[in-house]
Amino acid sequence: NFTTFTVRYSSRGVTAGQQLRNFFPVNGDNDSYALERYDFGRGANSIVFGNGSLGGVSSSTTKRARTDRAFQDFKVSGGSWDLIRGTVDFNQPIGTKAAVRLVGLGQNVNGWRQKEFDQRRGAFVTTTFDPFRNTRIRVEAEAFCGFDDG
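All figures in this text were calculated on a predicted structure; none of them were measured in a lab.

Conventions we followed
Residues numbered from 1 in each chain as written. Predicted model: local features only at pLDDT ≥ 70, side-chain atom pairs only at ≥ 80, totals over all residues. Heavy atoms only, no water. Helix = DSSP H or I, 4+ residues; strand = E, 2+ residues; numbered from the N terminus. Contact = heavy atoms within 4.5 Å. Areas by Shrake-Rupley, 256 points an atom, 1.4 Å probe, with all protein chains shown as cover. Pairing = 2+ DSSP bridges. Salt bridge = Lys/Arg side-chain N within 4 Å of Asp/Glu carboxyl O. Buried < 20%, exposed > 50% of the residue type's maximum accessible area, 1.4 Å probe, protein only. Patch = residues over 30% accessible without salt bridge, like charges linked within 9 Å, V, L, I, M, F, W, Y side chains within 5 Å. Core = buried A, V, L, I, M, F, W, Y, C linked by side-chain atoms within 4.5 Å. Phe/Tyr/Trp six-rings, centres within 6.5 Å; stacked < 30°, edge-to-face > 60°.

Asker: What is the right way to look at the overall build of the chain in this model?
Answerer: From N to C terminus, the chain includes one helix and 11 strands. Starting at the N terminus and walking to the C terminus, you meet the elements of the chain as β-β-β-β-β-α-β-β-β-β-β-β. Pairs at least 24 apart in sequence give 50% of the contacts found in the chain among residues at least 6 apart. A total of about 9,800 Å² of accessible surface is found on the chain, and carbon and sulfur atoms cover 55% of it.

Written out as structure tokens, the structure reads:
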């Protein structure tokens, strides 16, 4: 399918299902900067908790704004071929019932293989609101821009 960037893979000889993000199909380039958890369900478990594929399903869960504590995280990494990658992660509770979380990404790579000439910029914002005892409202948005030599 030329309209998507989805990677297909096989597990035990059976083609696995489409990648999921927060249990919804993903049809684009992904980066892990906004992910909190990554799961791979196999066999019957992928049918119960996935999209019904016998070959398995990969599912990721995005970061969530936390109302219990404030934190800040800043990471910079470097590597071969002029790799430089930086991420920021800020979480701020607003009272006891709401919170906002901002996550950012910047990456430049000047490698020698195709797809390693890569520039990425991303911003992810999520909010959590707990208006009642058993009610939680989450809203999230992401802007992602990637350029490569491919």
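After presenting the structure, the write-up continues.
Asker: Even after reading the chapter, I still don't get the sheet that holds strand β4 (residues 24–25), so can you show me in this structure?
Answerer: Within a sheet, neighbouring strands are paired by backbone hydrogen bonds and run either parallel or antiparallel to one another. Strand order in the open sheet made by the four strands is β4-β3-β6-β5, with mixed pairing throughout. Single-partner strands in this sheet number two, and they are β4 and β5 (35–41). Relative to strand β6 (residues 57–62), strand β3 (residues 20–21) is paired through two bridges, and the arrangement is parallel. If you follow R21 over to β6, its bridge partner there is S60.

Asker: Just to check I follow, could you spell out the pattern of salt bridges for this structure?
Answerer: Should the charged atoms of two oppositely charged side chains come close, the side chains can pair. Per the stated rule, a full pass over the model turns up 11 salt bridges. Residues D31 and R85 are paired through a salt bridge, measuring 2.6 Å at the closest nitrogen-oxygen approach. Separated by 54 residues along the polypeptide, D31 in the loop between β4 and β5 and R85 in strand β8 (residues 83–94) bring together distant segments of the chain. When its relative accessible area of 11% is taken as the criterion, D31 is described as buried. Assessed through its relative accessible area of 18%, R85 is described here as buried. With a closest N to O distance of 3.2 Å, R101 and E36 form a salt bridge. Separated by 65 residues along the polypeptide, R101 in strand β9 (residues 98–110) and E36 in strand β5 bring together distant segments of the chain. Exposure remark for R101: the relative accessible area of 6% places this residue in the buried category.

Asker: For this particular structure, what's the right way to read the pairing of strand β7 (residues 71–79)?
Answerer: For a regular strand, side chains alternate in direction, first toward one face of the sheet and then toward the other. The pairing of β7 with β8 spans nine bridges and is classified as antiparallel. Looking at the pairing, K75 lines up with T87 of β8. The loop that links β7 with its antiparallel partner β8 comprises three residues; one of these, W81, has a positive phi angle of about 60°.

Asker: Honestly, a nonpolar patch on the surface in this entry has me stumped. Any pointers?
Answerer: Where nonpolar side chains cluster on the molecular surface, the patch consists of F74, V76 and I84 and spans about 320 Å² of accessible area. Residue placement: V76 occurs in strand β7.

Asker: When you look at the nonpolar core in this model, what are you seeing that I'm missing?
Answerer: Most often, soluble globular proteins keep nonpolar side chains buried together rather than apart. Y33, A34, V103, L105 and F124 form the largest nonpolar core, which has five residues in total. Ignoring sequence-local partners within four residues, the contact set of V103 consists of Y33, K63, V88, D89, G122, A123 and F124.

Asker: Which parts of the structure should I look at to understand the packing of aromatic side chains?
Answerer: Two numbers describe a pair of aromatic rings. These are the distance of the centres and the angle of the planes. Following the criterion strictly, the structure yields one aromatic pair and no others. Their ring planes at 20° and their centres at 6.4 Å tell us that Y33 and F144 sit as a pair that is stacked. One end of the pair, Y33, is in the loop between β4 and β5; the other, F144, is in strand β11 (residues 135–148), with 111 residues separating them in the sequence. For Y33, a relative accessible area of 4% translates into the label buried.

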